[in-house]
Amino acid sequence: MRVAALARERAYAPYSGYKVGAAIRTKRNKIHGGANVENASYGMTVCAERCAAFAAVAAGETKDWDAVAVIVAGDDLASPCGACRQVLYEFSPGMRVILATTTGKRKATTLAELLPDAFGPDRLPRV
Ligand code: THU
């Protein structure tokens with residue numbers, strides 16, 4: 001959670017003002033942080049969870065992610081959006097999801113719970 005909280009402070013969110021931090025811990029005990037990055041062309045925005053996921057991939061870790069932590073300011077938890085759930089599922093469908101706020105609220109869930117009956121790489125023929 002510490003890495004997620006630090007990443008949140010570096011979020012680039014001048015349009016929404018809603019800063020989100022995320023961190024993925026892998027089973028090799030590496031932690032990859034991410035923050036939301038917004039854009040004047042709003043649709044180009046990338047959420048904190050995908051930023052952390054892509055940081056993990058860029059570091060060479062494409063499987064065995066144990067958990068993702070997501071932290072926002074205030075008292076209301078944020079749960080990963082549908083797009084981020086799908087991206088996380090690609091790499092570690094069995095991962096845990098830990099939601100937190102800067103005021104100390106916590107909730108633990110799983111990706112399987114957040115994205116049931118998901119479409120994943122195993123559904124596609126390998127070429
Ligand atoms: N956002 C995230 O980074 N993660 C979430 O789980 C929800 C939404 C970002 C996207 C956008 O920059 C801002 O929060 C408002 O939607």
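Below, the structure is looked at part by part. (Residues numbered from 1 in each chain as written. Predicted model: local features only at pLDDT ≥ 70, side-chain atom pairs only at ≥ 80, totals over all residues. Heavy atoms only, no water.)

Next up on the list: the environment of isoleucine 98. For isoleucine 98, the location among the structural elements is in strand E4 (residues 96–101). For isoleucine 98 and leucine 77, which are 21 residues apart along the polypeptide, the C-alpha to C-alpha distance reads 9.9 Å. In this structure isoleucine 98 touches Met1, Ala67, Val68, Ala69, Val70 and Lys107, once residues within four positions along its chain are discounted. (Helix = DSSP H or I, 4+ residues; strand = E, 2+ residues; numbered from the N terminus. Contact = heavy atoms within 4.5 Å.)

Within the structure, the ligand sits among Ser16, Tyr18, Val20, Asn36, Glu38, Thr45, Cys47, Ala48, Glu49, Ser79 and Pro80. Contact distances for the ligand include 2.9 Å between an oxygen atom and a backbone N or O atom of alanine 48. The backbone of serine 79 places a nitrogen or oxygen atom 3.5 Å from an oxygen atom of the ligand. Relative to its unbound accessible area of 370 Å², the ligand is 78% covered by the protein chains. (Near = heavy atom within 4 Å. Polar contact = N/O pair within 3.5 Å; in protein donor to acceptor, adjacent residues only side chain to side chain. Areas by Shrake-Rupley, 256 points an atom, 1.4 Å probe, with all protein chains shown as cover.)

Summed over the entire model, instances satisfying the criterion amount to two salt bridges. Residue glutamate 61 is joined to arginine 28 by a salt bridge in which the shortest nitrogen-to-oxygen separation is 3.2 Å. Taken together, the residues span a long stretch of sequence, with glutamate 61 in the loop between helix H2 (48–58) and strand E3 (65–72) and arginine 28 in the loop between strand E1 (20–26) and strand E2 (31–35) at a distance of 33 residues. Residue arginine 28 is classed as exposed on the basis of its relative accessible area, which comes to 58%. Put simply, aspartate 66 and arginine 96 hold a salt bridge, and the shortest N to O gap is 2.9 Å. Pair noted here: aspartate 66 is in strand E3 and arginine 96 is in strand E4, with a separation of 30 residues, a long-range link. The partly exposed category is assigned to aspartate 66, whose relative accessible area is 22%. (Salt bridge = Lys/Arg side-chain N within 4 Å of Asp/Glu carboxyl O. Buried < 20%, exposed > 50% of the residue type's maximum accessible area, 1.4 Å probe, protein only.)

A separate point is the packing of aromatic side chains. Each aromatic ring pair is described using two quantities: the centre-to-centre distance and the angle formed by the ring planes. On inspection of all chains with the given rule, the structure shows two aromatic pairs. Ring geometry for tyrosine 15 against tyrosine 42: centres 5.6 Å apart, planes inclined by 45°, an arrangement best described as tilted. Linking tyrosine 15 in the loop between helix H1 (2–9) and E1 with tyrosine 42 in the loop between E2 and H2, this pair joins segments that are 27 residues apart in sequence. On the accessibility criterion, tyrosine 15 (41% relative accessible area) is partly exposed. A relative accessible area of 59% means that tyrosine 42 is categorised as exposed. (Phe/Tyr/Trp six-rings, centres within 6.5 Å; stacked < 30°, edge-to-face > 60°.)

With that out of the way, let us pick up the side chain of threonine 26. You can see threonine 26 is positioned in strand E1. Of the residues examined, threonine 26 reaches a relative accessible area of 2% and is grouped as buried. Separated by 3.2 Å, the side chains of threonine 26 and glutamate 61 make a polar contact. Dropping the residues within four chain positions of it, threonine 26 is found in contact with His32, Glu61, Asp64, Trp65 and Asp66.

Next up on the list: the sheet that holds strand E5 (residues 106–110). Within the open sheet, the five strands sit side by side as E2-E1-E3-E4-E5. Their pairing is mixed. Both outer strands of the open sheet, E2 and E5, are each paired with one neighbouring strand and no more. For this sheet, the mean angle separating the axes of adjacent strands, direction not counted, is 20°. Bridge count for E3 against E4 is six bridges, and the pairing is parallel. Looking across to E4, one finds that alanine 69 is bridged to isoleucine 98. Each of E1, E2 and E3 is contacted by H1, which is oriented at about 145° to E1, the strand it contacts most. Strand contacts of H2: E1, E2 and E3, with the helix running at about 140° to E2, the strand carrying the most contacts. (Pairing = 2+ DSSP bridges. Axes fitted to C-alpha atoms, helices over the stretch in contact; angles between N-to-C directions.)

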